[in-house]
Amino acid sequence: MNDAASPHATAHDLEQHRAALTGHCYRMLGSAAEADDAVQETLVRAWRSLDRFEGRSSLRTWLYRIATRVCLDALTRRSRRARPMELGPVGTIDDVLLSLPGERWVEPIPDAHALPADADPYERASLRESIRLAFVAALQHLPPKQRAVLLLTEVLGWPAVEVAGSLETSVAAVNSALQRARATMAARKATLTRAPLSPTQSQLLERFVDAFERYDMDALSHLLHEDATLSMPPYSLWLQGHPQIRAWMTGPGAPCRGSRLIATAASGSLAFGQYRPNGPDRSAGGHHAWALIVLETAGEVVTGLNSFLDTAALFPRFGLPLTLEPA
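Keep in mind that what you see is a predicted model, and the values were worked out from it rather than measured. Each chain carries its own residue numbering, running from 1 in the direction its sequence is written. Predicted model: local features are reported for residues with pLDDT of at least 70 only, side-chain atom pairs are reported and counted for 80 or more only, and whole-chain, interface and lining totals are derived from all residues. The basis for every side-chain value is the complete set of heavy atoms in the structure, and neither hydrogens nor water enter the calculation.

The term nonpolar core refers to a set of buried residues drawn from Ala, Val, Leu, Ile, Met, Phe, Trp, Tyr and Cys, joined through side-chain atoms within 4.5 Å. The classification of residues rests on relative accessible area computed with a 1.4 Å probe and restricted to protein chains. Under 20% of the type maximum is buried, over 50% is exposed, and intermediate values are partly exposed. Ranked by size, the top nonpolar core spans 68 residues in total, and within it Leu 14, Tyr 26, Met 28, Trp 62, Met 185 and Leu 292 carry the most contacts. Only DSSP runs of H or I with at least four residues qualify as helices, and only runs of E with at least two residues qualify as strands; both kinds are numbered from the N terminus onward. Top element by residues in this core is helix H4 (residues 59-75). It accounts for eleven residues. Excluding its chain neighbours within four sequence positions, the residues that come into contact with Met 28 are Cys 71, Leu 72, Leu 75, Arg 78, Gln 140, Pro 144, Arg 147, Ala 148 and Leu 151. Formed by 26 residues, the second largest nonpolar core is a distinct cluster that contains Val 209, Leu 223, Leu 239 and Leu 295. Throughout, a residue-residue contact means that at least one pair of heavy atoms, one from each residue, lies within 4.5 Å.

For the pair helix H9 (residues 144-155) and helix H11 (residues 171-187), the least separation of the axes is 8 Å and the interaxial angle reads 90 degrees. When the axis of H9 is compared with that of H11, the two are roughly perpendicular. Every residue of H11 that contacts H9 at Gln 146, Val 149, Leu 150, Thr 153 and Glu 154 is listed here: Val 174, Ala 177, Leu 178, Arg 180, Ala 181, Arg 182 and Met 185. For the contact of H9 with H11, the class distribution of residues is seven nonpolar, two polar and three charged. Note on geometry: axes are lines fitted to C-alpha atoms, helical ones only across the stretch in contact, with angles between N-to-C directions running from 0 to 180 degrees. Each angle gets one of four labels, with under 35 degrees taken as roughly parallel, over 145 as roughly antiparallel, 65 to 115 as roughly perpendicular, and the rest as oblique. Any residue that is not Ala, Val, Leu, Ile, Met, Phe, Trp, Tyr, Cys, Pro, Asp, Glu, Lys or Arg is counted as polar, Gly included; the first ten are nonpolar and the last four charged.

It is worth spelling out the pairing of strand S5 (residues 287-298) at this point. By this definition, two strands are paired if DSSP reports at least two bridges between them. The sheet contact formed by strand S4 (residues 269-277) and S5 spans seven bridges and is antiparallel. Bridge assignment links Tyr 275 to a residue of S5, and that residue is Ala 289. In this sheet, strand S7 (residues 323-324) lies alongside S5 in antiparallel orientation, the contact comprising two bridges. The residue bridging His 287 from the neighbouring strand is Leu 324, located in S7.

Should a side-chain nitrogen of Lys or Arg be within 4 Å of a carboxyl oxygen of Asp or Glu, the pair is scored as a salt bridge. One pass over the full model with this rule turns up 17 salt bridges. With a closest N to O distance of 3.6 Å, Arg 80 and Glu 86 form a salt bridge. Exposure remark for Arg 80: the relative accessible area of 33% places this residue in the partly exposed category. Look at Glu 86 and you get partly exposed, because its relative accessible area is 25%. Asp 218 is the salt-bridge partner of Arg 246, the closest N and O atoms lying 2.8 Å from each other. Remark: Asp 218 occurs in helix H13 (residues 217-223) and Arg 246 occurs in helix H14 (residues 242-250); sequence separation between them is 28 residues. We classify Arg 246 as partly exposed; its relative accessible area is 33%. Exposure remark for Asp 218: the relative accessible area of 53% places this residue in the exposed category.

Here Pro 233 and Pro 234 are connected by a cis peptide whose omega angle stands at 20 degrees. Take Pro 234: it is sitting in the loop between strand S1 (224-231) and strand S2 (238-240). Unusually for a residue other than glycine, Glu 168 sits at a positive phi of about 55 degrees. Among the secondary structure elements, Glu 168 is positioned in the loop between helix H10 (160-167) and H11. Looking at Glu 168, the relative accessible area reads 74%, which means it is exposed. One non-glycine residue, Ser 267, adopts positive backbone phi at about 50 degrees.

A word on the side chain of Arg 276. Along the polypeptide, Arg 276 turns up in strand S4. Contact partners of Arg 276, with chain neighbours within four places excluded, come to Gly 253, Pro 255, Cys 256, Ser 259, Gly 286, His 287, His 288 and Trp 290.

Further remarks concern the environment of Gly 286. Assignment of secondary structure puts Gly 286 in the loop between S4 and S5. For the pair Gly 286 and Pro 255, spaced 31 residues apart in the sequence, the C-alpha separation amounts to 14 Å.

Helix length check: H11 (17 residues) gives 24 Å between terminal C-alpha atoms against 24 Å at 1.5 Å per residue, within 8%. Within H11 the residues assigned to the buried category are Val 174, Ala 177, Leu 178, Ala 181 and Met 185. Down the axis of H11, the buried set is contained in an arc of 105 degrees. They therefore lie on one face. Opposite the buried face of H11, at more than 90 degrees from it, the exposed residues are Ala 172, Gln 179 and Ala 187. Looking at the buried residues of H11, the elements they touch are helix H8 (133-139), H9 and H10. In the segment just after H11, Lys 189 is the residue with positive phi, at about 55 degrees. Expected span of a helix: the number of residues minus one, times 1.5 Å. Note: the arc covers the axis-to-C-beta directions of the helix.

Once that is clear, we can look at the environment of Val 163. Positionally, Val 163 belongs in helix H10. Classification of Val 163 by relative accessible area gives buried; the value is 0%. Distance from Val 163 to Gly 241, taken between C-alpha atoms, is 43 Å for residues 78 residues apart in sequence. Every residue in contact with Val 163, bar those within four places of it in the chain, is listed here: Val 149, Leu 152, Thr 153, Trp 158 and Val 174.

Here helix H2 (residues 18-29) crosses H9 at 140 degrees, and the two axes come no closer than 10 Å. With respect to H9, the element H2 is oriented oblique. Helix-helix and strand crossings are classified by hand; for H2 and H9 the assignment is right-handed. The residues of H9 that touch H2, namely those facing His 24, Arg 27 and Met 28, are Pro 144, Arg 147, Ala 148, Leu 151, Leu 152 and Val 155. Of the residues in the contact of H2 with H9, the class split is six nonpolar, one polar and two charged. For any helix crossing, the convention is left-handed if the near helix is rotated counterclockwise from the far helix by under a right angle, and right-handed if that rotation is clockwise.

Rendered as structure tokens:
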């Protein structure tokens, strides 16, 4: 992904790096919307100082430096984003639903917005892993500079001396921060692998869609790990295990019966736009947007069902319609 180190870059040249920068800012901030804002600020700053770019590093490297500073500035002004599983104990279907503001949650991001098209397959697999919900949520537990150090070294592969120059610190300080960041991530079991989507996972996707659209709880339960979780941001409630998930799906979640799913790719994972049938008796025809479902998987089972309910903000970002007309 090395671009020509030309000092005569144009606005078009800057724009070619939008996806790579968006992925980097998303990892730093945990928010697709905030990542977009940070990238826009990065490109504005870069354009204003383009006459000072001398081509001694690649244009993308120079942009990453600017983007990192933009994100560090942004992180001084807000609190940590999280997932429901981090904010309270496991719940039950009888718990009162508590909705929290959108800025509290780690958001999903479209793969197409965060993964550069010019990455080779090995690099793309690594970058996909680094935008998974669990990894991004774990990153939010790192102090901002540790977060930047980890991402610049572990994800982008920069040497410590280059990271030190970008963050205006010493190599010793970078190595120390990296050691602490690695320890925190290991404690949270957040590691990077480079496994592409396997045929087994492709089959899992098909089986999940079939079971969900038929609302076959036996088939769906068979696809879930025994300790699988269900979360529904912006609600803080989260559930764990077959009995609780099944009880939710057949109880409070029963209006999801008859849903249709449209496949997409979010945060490096299998994902779907979920559409519920229109009308309380499902006789109105057509379906309306209900949730963006992001699956977490391990081998042949689903370990996490994450249903993000802010469809007004999420579906346009993923290119999904808000309604489906009758077939």
